[in-house]
Amino acid sequence: MRDTLFYRQPEFEIVPMVSDHCAAVATLHAQRFARAWGDGEFVSLLLQPNSFGFVAWQTNTLIFKAPLAGFVLAREVAGEAEILTIAVNDKMARFGLGWRLMQAAMREARNRGGEAMFLEVDDGNAAALGLYRKLGFEKAGERPAYYTDESGRRTSALVMRRDLR
Ligand SMILES: CC(C)(COP(=O)(O)OP(=O)(O)OC[C@H]1O[C@@H](n2cnc3c(N)ncnc32)[C@H](O)[C@@H]1OP(=O)(O)O)[C@@H](O)C(=O)NCCC(=O)NCCS
């Protein structure tokens, strides 16, 4: 599909997340994670004073009411920022949107006084690990056998960290 003559590279608009986006965010989250969060959970997380997020839509599509392309939700407290969750629509994978959402979150965290950013990732999640390593995150800790996948296999949770200054 991406190699055909008629294929157009998607373009995205990234804007700050507000409560009205949370239903679309919860829908995309449910598509990308085994344990879905309700839109109410997103609203209450977003309304916490230290939280912030960004959402992305494709701008060069003819689809009326195109689904959300991606989102990131984060928080910053006393110099330490944390990625709470991030996802990109699987139809939009590998166009650099995850990278751009992470850049938006890191910039906002820095503006709020963040000195370092942390996140937690399943060590079996190759796409997320690839993204975070490319952004300069490094392993800061590990919780062995923390997750269980559909086949019952146990994987570790890695805690990763990156300086923001
Ligand atoms: C992780 C995720 C957000 C990446 O989004 P994306 O928009 O596809 O990523 P990008 O196009 O910005 O990729 C940036 C870099 O990440 C790495 N990467 C992305 N997808 C990858 C994959 N499937 N395998 C290996 N590396 C990958 C590559 O280094 C890539 O750079 P490159 O394309 O120049 O090689 C997306 O796969 C996703 O939503 N996954 C499901 C939800 C999830 O796991 N969230 C993270 C929980 S911790």
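For the structure, see preceding data.
Residues numbered from 1 in each chain as written. Predicted model: local features only at pLDDT ≥ 70, side-chain atom pairs only at ≥ 80, totals over all residues. Heavy atoms only, no water.

A.B. asks: Would you take a moment to explain the side chain of histidine 29 for this structure?
C.D. replies: Tracing the backbone shows histidine 29 in helix α1 (residues 22-32). Leaving out residues up to four positions away in the same chain, histidine 29 has contacts with Arg35, Ala36, Trp37, Phe42, Phe71 and Thr85. (Helix = DSSP H or I, 4+ residues; strand = E, 2+ residues; numbered from the N terminus. Contact = heavy atoms within 4.5 Å.)

A.B. asks: Looking at this structure, I do not really get the pattern of salt bridges. What am I missing?
C.D. replies: Oppositely charged side chains can form a pair if their charged atoms are brought close together. Within this structure, the stated rule accounts for six salt bridges. One salt bridge in this structure joins glutamate 82 and arginine 75, with 3.1 Å as the shortest N-O distance. Looking at arginine 75, the relative accessible area reads 25%, which means it is partly exposed. Arginine 161 serves as the salt-bridge partner of aspartate 163, at 2.9 Å between the closest nitrogen and oxygen. For aspartate 163, a relative accessible area of 44% corresponds to the partly exposed category. (Salt bridge = Lys/Arg side-chain N within 4 Å of Asp/Glu carboxyl O. Buried < 20%, exposed > 50% of the residue type's maximum accessible area, 1.4 Å probe, protein only.)

A.B. asks: What am I meant to see in the site of the ligand here?
C.D. replies: Lining the immediate surroundings of the ligand are 22 residues, of which Val88, Gly96, Gly98, Asn125 and Lys134 lie closest. Contact with the protein chains hides 76% of the accessible area of the ligand, taken as 930 Å² for the molecule alone. Considering each element in turn, the shell around the ligand owes the most residues, seven residues, to helix α4 (residues 126-134). Taken together, the residues of the shell around the ligand sort by class into 14 nonpolar, four polar and four charged. (Near = heavy atom within 4 Å. Areas by Shrake-Rupley, 256 points an atom, 1.4 Å probe, with all protein chains shown as cover. Nonpolar A, V, L, I, M, F, W, Y, C, P; charged D, E, K, R; others polar.)

A.B. asks: Before we go on, may I ask you to explain the sheet that holds strand β5 (residues 116-122) in this structure?
C.D. replies: Backbone hydrogen bonds hold the strands of a sheet together, and the pairing may be parallel or antiparallel. Spatially, the seven strands line up as an open sheet ordered β1-β2-β3-β4-β5-β7-β6, and their pairing is mixed. Two strands in the sheet have a free side with no partner beyond their single neighbour: β1 (12-16) and β6 (138-148). The mean angle between the axes of side-by-side strands here comes to 20°, regardless of whether they run parallel or antiparallel. Bridge analysis of strand β3 (residues 70-77) against strand β4 (residues 80-88) gives eight bridges, and the strand direction is antiparallel. (Pairing = 2+ DSSP bridges. Axes fitted to C-alpha atoms, helices over the stretch in contact; angles between N-to-C directions.)

A.B. asks: Explain the pairing of β6 to me, please; I cannot follow it from the model alone.
C.D. replies: A regular strand places its side chains so that they alternate between the two faces of the sheet. Here β6 runs beside strand β7 (residues 154-163); their pairing, made up of seven bridges, is antiparallel. Considered in β7, the bridge of glutamate 142 is made with leucine 158.

A.B. asks: Hey, could you run me through the side chain of asparagine 60 in this one?
C.D. replies: Assignment of secondary structure puts asparagine 60 in the loop between β2 (51-58) and β3. Residue asparagine 60 is classed as buried on the basis of its relative accessible area, which comes to 13%. In this structure the side chain of asparagine 60 is engaged in a polar contact, spanning 2.8 Å, whose partner is the backbone oxygen of glutamine 9. Non-local contacts of asparagine 60, meaning those with residues more than four positions away in its chain, are made with Arg8, Gln9, Pro10 and Glu11. (Polar contact = N/O pair within 3.5 Å; in protein donor to acceptor, adjacent residues only side chain to side chain.)

These figures capture arrangement, not role.
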